[in-house]
Structures are given as C-alpha cells and as structure tokens.
Amino acid sequence: MPSIAESSLVSLDFWARPQGERDEVFASLRAAEGPVFCPLPDGQGFYAITRYEEVAEASRNPQVFSSQPTAVSLVDPPPQVVRYSGSMISIDDPRHARLRRIVSRSFTPRLVQRVTGDVAVLARRIVDELTERGQCDFVEHVAMPMPLQIICSMMGIPESAYDDVIDATNLIIALGDPDYEGPEGKDRAAILAEKFSLLHALMADLGRLRREKPADDLVTALTHANVDGEALDDLDLGRFFALLVVAGNETTRNALSHSLTLLTDNPGQRDILLADLDVRLPAAVEEIVRYATPVTWMRRTLTRDHELGGHVYRAGDRVILYYNSANRDDGVFKDPYAFDVLRSPNPHFGFGAPGPHFCLGAHLARREITVLLRELYTRLPTLHATAPPVRQRTSFINGIKSVPCAF
Ligand code: HEM
C-alpha cells in the first residue's frame with residue numbers, strides 16, 4: 001500500500017497546497033495497487049478511494065457502502081452534533097428515499113424552471129450593482145448572493161436572517177478554518193452545535209408561521225409532509241432545513257468563484273466560450289464543476305466485508321470517495337488536467353456519482369451558474385480576477401474565501 005499521503009490527506013496544510021501539488025498526490029494514489037489507509041486521531045482511520053470506477057461502484061452499492069452514521073465527516077460526530085445534523089444525506093434507504101421524496105418535487109427541472117425568473121432578476125441586479133461598484137471582491141458581491149438568496153427565497157427565509165444563515169453555513173462547512181472559528185479555545189463540537197441550533201430555531205419559527213399560513217415554499221412542504229404515517233417532528237424539520245441551506249449555499253458559491261479564476265487563468269478557453277456564449281455555456285458549466293469539484297469527498301461505511309478494486313474491505317471500514325480524484329482519472333477524461341470548455345462527453349462526479357444520494361440540487365445549481373455567467377460575460381466581457389484566490393482551509397469543500405475582480 002502506498003504511504004505517500006497517509007497523513008497528508010488528513011492535514012489541512014495539504015489541502016492548502018496548490019492544486020497541481022494535490023493533483024500529483026492523487027495521481028500517485030490512483031496509480032497505486034491498493035487504497036491508502038489514513039489514520040485519524042480518534043484511533044480509527046479511513047481508506048481513500050481515488051479511481052473513477054471504484055467511486056462509481058461504491059456509490060451504486062449503498063447496501064454495502066452505507067451513508068450512515070455520516071457521509072460528511074471523517075470522524076464519527078459527537079452525539080450533540082448528530083442530534084442536530086443527522087439529515088437524509090447521512091441516512092440509508094428506505095427512510096432516506098421517503099425523506100427525499102418530500103423535497104424532490106421542488107428540485108425537478110420543471111420546477112426549477114419556475115425559479116428561473118427569480119434567478120434572472122437576481123443575476124441582473126447582481127451585475128447592475130457590480131457595474132456601479134467597480135473593482136471588488138467577487139465572492140462577497142457576486143458568487144455569494146446568488147445561491148444564498150435563491151435557496152432562502154425557496155425556503156421562505158426573511159432577508160433579515162440572511163447574515164445569520166451565511167455565517168452558520170460557512171462555519172458548518174469549514175470548521176477548522178481559523179477565519180470561521182469562534183472565540184479561541186471554544187470547543188469545536190460546541191460551536192457546531194450552536195450554529196446548527198441557530199438554523200433549527202429559524203426553522204421552528206418559520207414552521208410555526210407556515211402551519212398557520214401555508215405558502216408555496218419548501219418550508220410549507222416540510223411542515224405538511226407525512227413520512228411513514230407521521231409528520232416530521234421539529235428535530236427532523238431542523239435537520240432538513242440545515243441540509244438544504246448548507247448544500248444550497250456552500251457549493252454553488254464556490255463553483256461560481258472558481259469560474260472567475262478558471263476563465264482568468266485560461267484566456268484561450270475564455271475566448272472560445274465568449275465567441276458563442278449561449279451555445280457553449282452548458283458544456284462550460286459542466287467543465288467548471290468537474291475542474292473545481294466544489295465538494296471534494298463524501299464518506300461511506302462498510303456494512304459487511306466486500307471486495308472493491310482488488311482490496312477486501314471489512315465491515316465497519318470507513319472509505320472516502322474522492323470526487324476530485326475521480327474527476328482527473330485519465331482512464332475516463334482525455335487530458336484531465338486541461339480546463340476545456342468544450343469537453344464532451346463529460347461524465348464528471350462533481351454532483352456525486354450515480355446512486356440514491358446524487359445531488360438533489362444539480363439542476364438548480366446549473367441554472368444559477370449558467371444564468372449568472374451569461375449575464376456577467378454578456379455585459380462585462382472583460383471581467384477577470386486581479387489576484388489569486390484566498391482558499392478555505394478544509395478538505396471537504398474546494399472553497400474560495402475571496403478573489404478580487406475588475407472589468
Ligand atoms: C455546484 C453546486 C453543487 C455541488 C458541486 C453539489 C455536490 C453534491 C454532492 C457531491 C452530493 C452527493 C452526496 C453523496 O453522494 O453522499 C450532493 C448531495 C446533495 N445536494 Fe448538492 N451540490 C451542489 C448544489 C446543490 C444545491 C444548489 C442544492 C440545493 C439545496 C443541493 C442539495 C443537495 C442535497 C439535499 C443533497 C443530498 C441528497 C441525498 O442525500 O439524497 N446541492 N451534492
């Protein structure tokens with residue numbers, strides 16, 4: 001088994017290294033004979049699954065590769081965090097499928113079409129404000145407002161709560177990044193529990209309102225839902241709410257931020273895109289999501305002994321599915337390190353691999369990115385980053401905290 005990345009994959013310093021260096025480590029892991037085992041401070045550890053076919057196989061086989069007890073944490077979270085965070089992303093079928101059905105109606109292409117008007121209006125407003133402001137931070141003024149305002153309006157969250165929502169989702173995703181931590185010395189689990197409980201309290205307020213006065217939003221669907229003959233209780237509602245606002249915000253924002261740096265660093269690709277923006281945008285958006293891979297990994301836990309890629313995993317083993325690595329697998333992608341806005345086919349795993357947990361918000365995310373990029377580059381074709389991005393320090397999300405732009 002290779003030893004190259006045993007500790008580096010769990011160290012935040014590794015994830016702060018330049019993309020090229022991280023790519024080299026993953027290329028060596030894909031080429032190695034067996035999976036690398038990365039020990040963790042909790043005395044356990046995980047196997048890194050880095051090849052495309054193995055990520056696909058594990059995702060297709062949820063009976064063996066379970067999302068329980070968690071899909072989103074390397075270590076098993078403490079009970080006070082699970083209490084608030086245990087949403088459907090970390091639950092297996094059949095309960096996962098029942099929960100997913102409650103909200104899936106709101107995310108079909110046809111229903112996403114319904115928010116397209118809002119997305120277009122918002123994109124116009126964001127670009128109007130950017131035009132007036134001039135040079136500024138692209139994350140704060142362009143990439144963040146789009147997904148934040150769309151998911152909040154789908155949920156019926158009042159504008160006065162937007163700052164609290166973004167503060168909570170940032171911290172939940174990037175805990176460990178010093179910029180997002182609370183007062184020094186405060187226990188991380190306590191900070192997490194505090195932010196989750198803030199989202200739960202917001203959901204409880206909105207839920208009360210929607211029970212009395214239903215509206216055409218997701219909170220109404222959640223509060224009136226019936227799963228296994230029961231209504232969702234306050235805890236379930238809060239977990240759903242936290243999942244949707246975190247997943248809705250923290251991913252699309254980073255895809256948008258990466259689009260600016262990718263199109264700045266690859267002027268030839270940018271010219272190709274701008275030469276026929278309407279026609280080329282859909283493929284370019286897929287390539288941005290492949291190249292950036294905003295969600296780096298998801299975890300699975302083995303329910304029984306099982307062989308995958310020549311290695312026999314044991315019941316209870318944890319495996320991490322590295323989408324960033326699958327998306328650079330040269331057995332599937334020709335010239336995988338090239339950013340190619342015309343790439344076709346592009347069967348990337350940016351939204352996860354096919355399986356029951358495939359990203360619920362993929363259509364929505366594609367719509368938000370496409371509409372905003374169209375508005376930006378039609379009106380401000382010289383838009384570019386003026387300095388390299390400041391990246392988040394987390395292994396889970398390929399996040400950008402800030403990147404200055406000008407036009
Ligand atoms: C570029 C943007 C996005 C990326 C890269 C992304 C990525 C992902 C990935 C990789 C998963 C797979 C989880 C797994 O297999 O365990 C996932 C699941 C999920 N995503 Fe997204 N996502 C994006 C946008 C969104 C948006 C806008 C929403 C809207 C709320 C959303 C909601 C969800 C939900 C609810 C799940 C869990 C689905 C389930 O467990 O059945 N995502 N996403």
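Draft legend 1. Layout of the overall build of the chain. The helix and strand inventory of the chain stands at 17 helices and 14 strands. Relative to its length of 407 residues, the chain is compact, with a C-alpha radius of gyration of 21 Å against a globular reference of 22 Å. Along the longest, intermediate and shortest principal axes, the C-alpha atoms of the chain span 55 × 55 × 45 Å. Looking at the 407 residues of the chain, the share that counts as buried comes to 55%. Here the analysis covers contacts within the chain between residues at least 6 apart in sequence; of these, 72% occur between residues at least 24 apart. Looking at the chain as shown, the accessible area adds up to about 17300 Å², and 51% of this sits on carbon and sulfur atoms. Here the chain carries 43 positive and 54 negative side-chain charges, and the mean point of each set is 4 Å from the other.

Draft legend 2. How the structure looks around the site of the ligand. Close to the ligand lie 27 residues; His 96, Arg 100, Arg 300, His 357 and Cys 359 are nearest. With respect to the ligand, the side chain of Arg 300 contributes an N or O atom lying 2.9 Å from an oxygen atom. Broken down by secondary-structure element, the contributors of at least two residues to the shell around the ligand are helix H5 (95-104), helix H12 (234-250), helix H13 (252-265) and strand S7 (297-302). Grouping the amino acids of the shell around the ligand by side-chain chemistry returns 17 nonpolar, eight polar and two charged.

Draft legend 3. Seen up close, the pairing of S7. Across the six residues that make up S7, a large majority, six, are buried. Relative to S7, strand S3 (residues 65-66) runs antiparallel, the two sharing two bridges. Bridge pairing in S7 places Ser 66 opposite Thr 301.

Draft legend 4. Structural view of the pairing of strand S10 (residues 318-322). For S10, a buried count of five out of five residues is recorded, marking the element as mostly surrounded by other parts of the structure. Both faces of S10 are covered, namely the face carrying Arg 318, Ile 320 and Tyr 322 and the face carrying Val 319 and Leu 321. When strand S2 (residues 45-49) meets S10, the two strands line up parallel, connected through three bridges. For Tyr 47, the partnering residue across the bridge sits in S10 and is Val 319. Of the pairings in the sheet, the one linking S7 to S10 comprises five bridges and is antiparallel in character. Bridge pairing in S10 links Trp 297 to Tyr 322.

Draft legend 5. Representation of the packing of aromatic side chains within the structure. Under the criterion given, the structure shown has eleven aromatic pairs. An angle of 85° between the planes, with centres 5.0 Å apart, marks the rings of Phe 14 and Trp 15 as edge-to-face. Residue Phe 14 is classed as buried on the basis of its relative accessible area of 1%. Note on Trp 15: relative accessible area 2%, which makes it buried. Ring centres 5.7 Å apart and planes at 75° place the aromatic pair Tyr 291 and Phe 339 in the edge-to-face group. In this pair, Tyr 291 is assigned in helix H15 (residues 277-292) and Phe 339 in the loop between helix H16 (323-326) and helix H17 (362-379), connecting sequence segments 48 residues apart. Note on accessibility: Tyr 291 and Phe 339 belong to one class, buried. Taken together, the ring pairs connect Phe 14, Trp 15, Phe 26 and Tyr 322 into an aromatic cluster.

Draft legend 6. Seen up close, unusual backbone geometry. Cis rather than trans, the peptide bond between Asp 93 and Pro 94 has omega equal to 5°. In this structure, Pro 94 sits in the loop between helix H4 (79-85) and H5. Residues Ser 344 and Pro 345 are joined by a peptide bond in cis, for which omega reads -5°. Checked against the element boundaries, Pro 345 lands in the loop between H16 and H17. Positioned with a positive phi, Thr 293 is a non-glycine residue whose angle comes to about 40°.

Draft legend 7. View of the nonpolar core. Ranked by size, the top nonpolar core spans 127 residues in total, and within it Leu 9, Ile 157, Phe 241 and Leu 376 carry the most contacts. When residues in this core are grouped by element, the largest group, nine residues, is from H17. Aside from chain neighbours lying at most four places away, what touches Leu 9 is Phe 14, Trp 15, Phe 26, Leu 29, Val 36, Cys 38, Phe 46, Ala 48 and Tyr 322.

Thresholds applied
For every chain, the first residue of the written sequence is number 1, and numbering continues from 1 onward in sequence order. Where totals are concerned, whole chains, interfaces and linings use all residues; where local detail is concerned, this predicted model gives features only for residues with pLDDT of at least 70, and gives and counts side-chain atom pairs only at 80 or more. As a rule here, side-chain values cover all heavy atoms of the structure and leave hydrogens and water aside. A run of H or I in DSSP counts as a helix once it spans at least four residues, and a run of E counts as a strand once it spans at least two, with each numbered from the N terminus. Atoms counted for the radius of gyration: C-alpha only. Globule rule: 2.2 Å times residue count to the power 0.38. Three labels apply to residues, based on accessible area from a 1.4 Å probe with only protein chains included: buried if under 20% of the type maximum, exposed if over 50%, partly exposed otherwise in between. Here a residue-residue contact requires only that any non-hydrogen atoms of the pair lie within 4.5 Å. The Shrake-Rupley method, run with a 1.4 Å probe sphere, supplies the accessible areas, and residue values consider only the shown protein chains as cover. Residues counted as positive are Lys and Arg, residues counted as negative are Asp and Glu, and His and the chain ends are not counted. Charge coordinates come from a single atom per side chain, which is NZ of Lys, CZ of Arg, CG of Asp or CD of Glu. We call a residue near a molecule or strand when any one of its heavy atoms sits within 4 Å of it. For this analysis, a polar contact is any N or O atom pair within 3.5 Å, provided that within protein one partner can donate a hydrogen and the other can accept it, and provided that sequence-adjacent residues contribute only side-chain to side-chain pairs. Put simply, Ala, Val, Leu, Ile, Met, Phe, Trp, Tyr, Cys and Pro go in the nonpolar bin, Asp, Glu, Lys and Arg in the charged bin, and everything else, Gly too, in the polar bin. Strands are treated as partners if at least two bridges between them are detected by DSSP. Pairing of aromatic rings covers Phe, Tyr and Trp, the last through its six-membered ring, and needs centres within 6.5 Å; plane angles under 30 degrees mean stacked, over 60 mean edge-to-face, and all others mean tilted. Residues enter a nonpolar core if they are buried and are Ala, Val, Leu, Ile, Met, Phe, Trp, Tyr or Cys, with the set joined through side-chain atoms within 4.5 Å.

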